[in-house]
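Report on the structure
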Amino acid sequence: AFGTHLRTLQVPGNGISAVAWEGGSLRIALAVDAFIYFANIRPDHKWAYFGNTLVYAFTKPERAEHCVVFFDKQSGNKLVKYVKKLLMIRACGEYCVLATKTGEANVWVLILCNAIGAPVDSKYINIEPVYMTMTETHVVCASDDVVFVWYYSTKTARLTSIETAKESGLRKKDAKEAVWFIDDNPNVSTSGFEGFTKGNRVAEDPVSCIACSSAMMIVGRESGTVMRYSLPHIQLEAKYVLRCCPQMLAINCDSTRFSVIDINGIMTFFDMDAGKGKAANELGLPPGEHLTYERKDAWDMRWADDNPELMAMMEKSRMYILRGLQPEEPVLSSGYLCRFKDLTITAVLLDDVMARPDEPDLELMIELETKSLRDTRDILAQVGLADASSFVEDNSHPRLWRLLAESALDKLDLQTAERAFVKCADYQGVQLVKRLAQYSDKSKQRAEVAVYNKRFDEAEKIYKDIDRLDLAIEMRSRLGDWFKVMKMTKEGAGDDQMINQAWVNIGDYYHDRQLWGKAKHYFNLAKANEKQVECLYSLEDYDGLAALVKDPEQQLPEGSSLLITVGEKLASVGLAEDAVEAYLRAGDVKGAIDCCVLLNQWDKAVMLAEEHQFPQIEGLLVKYAQTLLTNDKKMEAVELYRKANRHPDAAKLLAEIAQDVVKSRAHPHRALRLYVLAALEVEKFRSKTLRSAQGGGTTMSTLAPKGTMAAKATAARGGGATVRNTQATMATLDGLMQGDAISSENKMLDQAWRGVEAMHLYIETHKLLYSRKVDAAMKCAEAMGDYTDILDPRDVHSLLAIAAFHNQMYAKCSQAFMRLEQLESLSPDRREAFQDLAFKVFTQFKPDDFTIPEEQKRRDAITPEYLKDLRKHYMALCAPS
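This next bit is on the overall build of the chain. Summing up its helical and strand segments, the chain has 35 helices and 31 strands in all. By residue count, 44% of the 881 residues in the chain fall in the buried class. Counting contacts in the chain only where the partners sit at least 6 residues apart, residues at least 24 apart contribute 46% of the total. By element, 50% of the accessible surface of the chain is carried by carbon and sulfur atoms, the whole surface being about 47900 Å².

This paragraph deals with the packing of helix α30 (residues 774–783) against helix α31 (residues 793–806). Axes are the key here: two packed helices are described by the angle between their axes and the distance separating the axes. It is the contact of α30 with α31, at a shortest axis distance of 8 Å, that shows an interaxial angle of 155 degrees. The angle between α30 and α31 places the two elements in the roughly antiparallel class. The handedness of the crossing between α30 and α31 is left-handed. Residues Val774, Ala777, Met778, Ala781 and Glu782 of α30 form the contact with α31, whose own contacting residues are Val796, Leu799, Leu800, Ala803, Ala804 and His806. Here the contact of α30 with α31 is composed, by residue class, of nine nonpolar, one polar and one charged.

The next point concerns the pairing of strand β15 (residues 177–181). Two faces belong to every sheet, and in a regular strand the side chains alternate between them. Judged by how many residues are buried, β15 sits mostly within the fold: five of five residues are covered. A two-sided burial pattern is seen for β15, the buried positions comprising Glu177, Val179 and Phe181 on one face and Ala178 and Trp180 on the other. Pairing analysis gives five bridges linking strand β14 (residues 146–151) to β15, with the strands arranged antiparallel. If you follow Phe148 over to β15, its bridge partner there is Val179.

A separate point is the sheet that holds strand β10 (residues 108–113). Ordered in space as β8-β9-β10-β11, the four strands form an open sheet in which the pairing is antiparallel. Since the sheet does not close on itself, it has two edges, and those belong to β8 (86–92) and β11 (119–125), each with one partner. Going across the sheet, the axis of each strand differs from the next one's by a mean of 20 degrees, ignoring polarity. Strand direction decides the pairing type here: β10 and β11, joined by six bridges, are antiparallel. Bridge pairing in β11 links Ile111 to Ser122.

Turning our attention to the nonpolar core. Counting residues in hydrophobic clusters, the biggest one holds 86 residues, and the most contacted among them are Tyr675, Val756, Met759 and Leu791. Top element by residues in this core is helix α29 (residues 752–770). It accounts for nine residues. If you look at the next biggest cluster of nonpolar residues, it comprises 52 residues, including Val69, Leu337, Leu364 and Leu412.

What the three strands build is an open sheet, ordered β29-β30-β31; its pairing is antiparallel. Looking at strand neighbours, the two that pair on one side only are β29 (336–341) and β31 (365–369), the edges of this open sheet. Strand-to-strand, the axes of this sheet are offset by a mean angle of 25 degrees, without reference to chain direction.

As a further point, take helix α18 (residues 576–585). Think of an α-helix as turning once every 3.6 residues; residues three or four places apart then point the same way. Counting buried residues along α18, seven of its ten residues qualify, which places the element largely inside the surrounding structure. Of all the residues in α18, the buried ones are Ala576, Asp578, Ala579, Val580, Ala582, Tyr583 and Arg585. Gly587 sits one or two positions beyond α18 and adopts a positive phi of about 85 degrees.

Axis separation between helix α19 (residues 589–598) and helix α20 (residues 602–611) bottoms out at 8 Å; the angle between their running directions is 155 degrees. In terms of orientation, α19 and α20 fall into the roughly antiparallel class. As for the relative orientation of α19 and α20, their crossing is left-handed in sense. For the pair formed by α19 and α20, the contact residues are Ala592, Ile593, Cys596 and Val597 on the first element and Trp602, Lys604, Ala605, Leu608 and Ala609 on the second. Across the contact of α19 with α20, the residue classes tally to eight nonpolar, no polar and one charged.

Quick look at unusual backbone geometry now. Omega for the bond connecting Leu231 with Pro232 falls within 30 degrees of zero, at 0 degrees, which places this linkage in the cis form. Mapped onto the elements of the fold, Pro232 is located in the loop between β18 (225–230) and β19 (236–241). The phi dihedral of Asp297 falls on the positive side, at around 55 degrees, and the residue is not glycine. The topology assignment puts Asp297 in the loop between β23 (289–295) and β24 (298–303).

Within this structure, the stated rule accounts for 22 aromatic pairs. Clustering of aromatic rings is evident, with ring pairs tying together Phe483, Tyr509, Tyr510 and Tyr522. In this structure, Lys101 is placed above the aromatic ring of Trp108, and the distance from its NZ or CZ to the ring centre is 5.1 Å.

Looking now at the side chain of Ser143. Its location among the elements puts Ser143 in the loop between β13 (138–142) and β14. Each residue touching Ser143, except ones within four places of it in the same chain, is listed here: Ile127, Glu128, Val130, Tyr131 and Val207.

This structure, assessed with the given rule, holds 40 salt bridges. Residue Arg201 pairs with Asp184 through a salt bridge whose shortest N-O separation is 3.0 Å. Separated by 17 residues along the polypeptide, Arg201 in the loop between β15 and β16 (207–212) and Asp184 in the loop between β15 and β16 bring together distant segments of the chain. Look at Asp184 and you get partly exposed, because its relative accessible area is 30%. Across the pair Lys371 and Asp375 runs a salt bridge whose closest N-O atoms are separated by 2.8 Å. Note that Lys371 and Asp375 are positioned in helix α4 (residues 371–382) at a spacing of four residues, about one turn of the helix. Classification of Lys371 as partly exposed rests on a relative accessible area of 28%. On the basis of relative accessible area, Asp375 is assigned to the partly exposed category, the value being 22%.

For Asp426, the location among the structural elements is in the loop between α7 (414–423) and α8 (427–437). Arg402 provides the closest opposite charge to the buried, unpaired Asp426, separated from it by 6.1 Å. A distance of 3.3 Å separates the side chain of Asp426 from the side chain of Tyr452, its partner in a polar contact. Discounting residues that sit within four places of it in the chain, Asp426 has contacts with Phe421 and Tyr452.

This part takes up the environment of Asn281. Relative to the helices and strands, Asn281 resides in the loop between β22 (267–271) and β23. Its relative accessible area of 30% is what places Asn281 among the partly exposed residues. Taking the C-alpha atoms as reference points, Asn281 and Ala238, separated by 43 residues in sequence, lie 7.4 Å from one another. For Asn281, the residues in contact, after removing those within four places along its chain, are Glu237 and Ala238.

As a general rule, the predicted coordinates of low-pLDDT regions are not to be interpreted in detail. Looking at the chain as a whole, the pLDDT averages 83, with 88% of positions reaching at least 70. Within the model, pLDDT remains below 50 along residues 159–174, and this stretch shows five contacts once partners closer than five positions in the same chain are excluded. Across residues 697–723 the pLDDT falls below 50, and counting only partners more than four positions away or on other chains, this stretch makes 28 contacts in the model.

This paragraph deals with the environment of Leu608. In this structure, Leu608 sits in helix α20. C-alpha separation for the pair Leu608 and Lys590, spaced 18 residues apart in sequence, amounts to 9.1 Å. Residues within four places of Leu608 in sequence aside, it is in contact with Val580, Leu584, Ala592, Ile593 and Cys596.

Sheet analysis places β18 next to β19, joined by five bridges and oriented antiparallel. Within β19, the position partnered with Arg228 by the bridge is Ala238.

Cut-off values and rules
- Within each chain, residue numbers correspond to sequence positions counted from 1 in written order.
- Given that the model is predicted, a residue must reach a pLDDT of at least 70 before its local features are reported, and side-chain atom pairs must reach 80 or more before they are shown or counted; all residues, however, enter totals for whole chains, interfaces and linings.
- Think of the side-chain values as coming from all heavy atoms in the structure, minus any hydrogens and water.
- Helix and strand definitions here come from DSSP, where helices need a minimum of 4 consecutive H or I residues and strands a minimum of 2 consecutive E residues; each element is numbered from the N-terminal end.
- Relative accessible area decides the class of each residue, using a 1.4 Å probe on protein chains only: under 20% of the type maximum gives buried, over 50% gives exposed, and in between gives partly exposed.
- Should any heavy atoms of two residues lie within 4.5 Å, those residues are counted as being in contact.
- The accessible surface values rely on the Shrake-Rupley method and a 1.4 Å probe; as for residues, cover is taken only from the protein chains in view.
- The axes are straight lines fitted to the C-alpha atoms, using for helices just the contacting stretch, and the angles between their N-to-C directions are given from 0 to 180°.
- The cut-offs work like this: below 35 degrees is roughly parallel, past 145 is roughly antiparallel, 65 to 115 is roughly perpendicular, and the gaps in between are oblique.
- When the near helix sits turned anticlockwise from the far one by under a right angle, the crossing is termed left-handed; a clockwise turn instead gives a right-handed crossing.
- When residues are grouped by polarity, Ala, Val, Leu, Ile, Met, Phe, Trp, Tyr, Cys and Pro land in nonpolar, Asp, Glu, Lys and Arg in charged, and all others, Gly among them, in polar.
- Here, strands pair whenever DSSP counts at least two bridges between them.
- The criterion is simple. A nonpolar core is a set of buried Ala, Val, Leu, Ile, Met, Phe, Trp, Tyr and Cys residues joined through side-chain atoms within 4.5 Å.
- Stacked, tilted and edge-to-face pairs are distinguished by plane angle, under 30 degrees for stacked and over 60 for edge-to-face with tilted covering the rest, among Phe, Tyr and Trp rings (Trp via its six-membered ring) whose centres lie within 6.5 Å.
- Our definition puts a charge over a ring when NZ of Lys or CZ of Arg is within 6 Å of the ring centre and also within 35 degrees of the ring normal.
- We count a salt bridge whenever a side-chain nitrogen from Lys or Arg sits within 4 Å of a carboxyl oxygen from Asp or Glu.
- The sign given to each residue is positive for Lys and Arg and negative for Asp and Glu; His and the chain ends receive no count.
- By the criterion applied in these results, polar contacts are pairs of N or O atoms within 3.5 Å in which, for protein atoms, one can donate a hydrogen and the other can accept it, and in which residues neighboring in sequence qualify only through two side-chain atoms.
- What pLDDT conveys is the predictor's confidence in a given residue, as a value from 0 to 100.

Right, here's the structure in full:
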């Protein structure tokens, strides 16, 4: 409610009489006596830098969330994600952490992200993260009076861990998180916030800043006290007292010093190793010393990652590099410090980035070198290796020795280069020098040096000048630059094996970029059939895949295992015929049958099973059909039986479905169609049985059990014409008997057409009644009396009573009523209703029929010839055109 004191700026003079902000920027003007002072405000942007990625956040007017940008310094690519209620960003190593506020009260979340913004882990906490820092293993955050430490673990760390479950059970595990009140000692036995209670306590000396390294964590407090804790085993080790209120802390790489920027912008140093041998604390640590050296107007600082004596700091609009406590010449810069490593400072002009945050530019990422690195370059360029070696010896650093080694290699001074590589512990460089010493040709040595320094075009030119195109090809192949390899092979170098390898690798290049067409072309040239199959499948060129099976010019050899892969890919898109042929050419008959079953091609599956004697297909067919019937998928089961040429089973199931429809009394036309389909399946079965018996085909042998006349006739074939005719006759009779035996097992199949006739008469009776053709309707209703096993007798007699009444044939009407009243299935109420209706009718009309002429009797009569014509009509109607 009262704001937070951020920074105090002292200006010379008797007093400030006026102050004004510059519109649209963070610069202010101060009127002091007769002078005007300008001051730049450095805002605390939400940003961090890790690896080669700059991550920063900004807000857009049209969105409530923060827009978080992950900008790759090397490639210039950026990735954007939106985060609600973002508080701050910190980073270290390969990860960054985003602190955000959740929608719940007193709950915040820490989100661990990688370089592309993908969340890796998260942690919910119950304190507000006012201050936060991060190492490669820990995230530390603090409110004004509570400190929380989270030992985060990534998926990579968990996967690469070789600790067994037994070992992990025996070892004492370190706490993954710890939280404690700032005035208490850390309690690592609690399980995070579950065992922590702060109560109503409020720290009289609140936290003002925190910092940590891989070995320790320090917490600064407003009174100037700095508390030192060990990591990863969290323990309070020491307390230091500063002369100021710290606002920013930073620890050097070996955890011997830390730097402080206070609320007035004054930077000082604290040496934690000072006072060794004097009054040590309980843990044997020296008391330390707050050094008197200070720098004013400091706003950023960064210790070197590889040298505890080097640090970079920002003072106003200048950057200073301190070696020990000695500053180098300042460099004009307003960049925020990102990293200090290998004597190179990486900085970002964050104010310029935030001016256009949607379009970050690589030019805003700057790299500045230390004076020693610049001087070494100048000495190497202007004086020589001897003086440069002496200078590097005096200012020893791995980066300088590496620079000296590179320069010595360029001048082929192998002795100096080897010494420099040894100094910077570069084993590969030492091996390179030893290899160069074995070459007698200076040009070849220069080429190898150019390769080592990544000047590949220069190395290729040297190889070509000494007429060693083979070495140039070898270099390009090691680099994976196969396009250059192809270009050089066209100049006459390289053998067929190298050309083939280049084609394969160029194909892989296009394959990785999903340019399937170009990849296929090169795989085809290299005869890399397996990779070519992948490209054809990705291109959805199924004709090309089929050509590998069938085309004599392109087909794969018989028995090739790749044919199975082709078959699988063809089967995955439903091309059963080509897939089956691929499996058969590979010699995998079972795979071909499984493919047919999977694609519901049961006729083909049964044929293959018969041909290759696979009896398991029968059980699989029955099992699959039973599964469909259990799930009430009767029509799918019918289709299964039809495709497997199991016509009797299909007819039986269709008739059952039709009977269910008849009982529902809802869709008579649907019942008629189902009965027609059932009858046609029976006709197919009879025709097939007769054909197979007459032709002696293999199908009949599968239908007839061993020992039947058909099987014996088929086995004995091979005699004279008379014998063959006799055998054919016997086979025909046996086939007909076989069909009759199957039909007799199921009454529904034996009377397949009865259902068609019954439903046709039922529908026709209704049509005639509505057309007022009552005589013809009565004759149809009378014929329906033969189908009471299919139709409901109540419907049959009711229709006859109605038709006879309207045809004034009251005797027939009376008989129909009598049959209705005698039905056992009628309820008493229904029977009484029929009796009342009959009483009303026949008290008015005498139950007599009038005499009908013979000619009228024959007209519209339902005769056996009529029923035969009816069957022919439906068969012709369903015949393929």
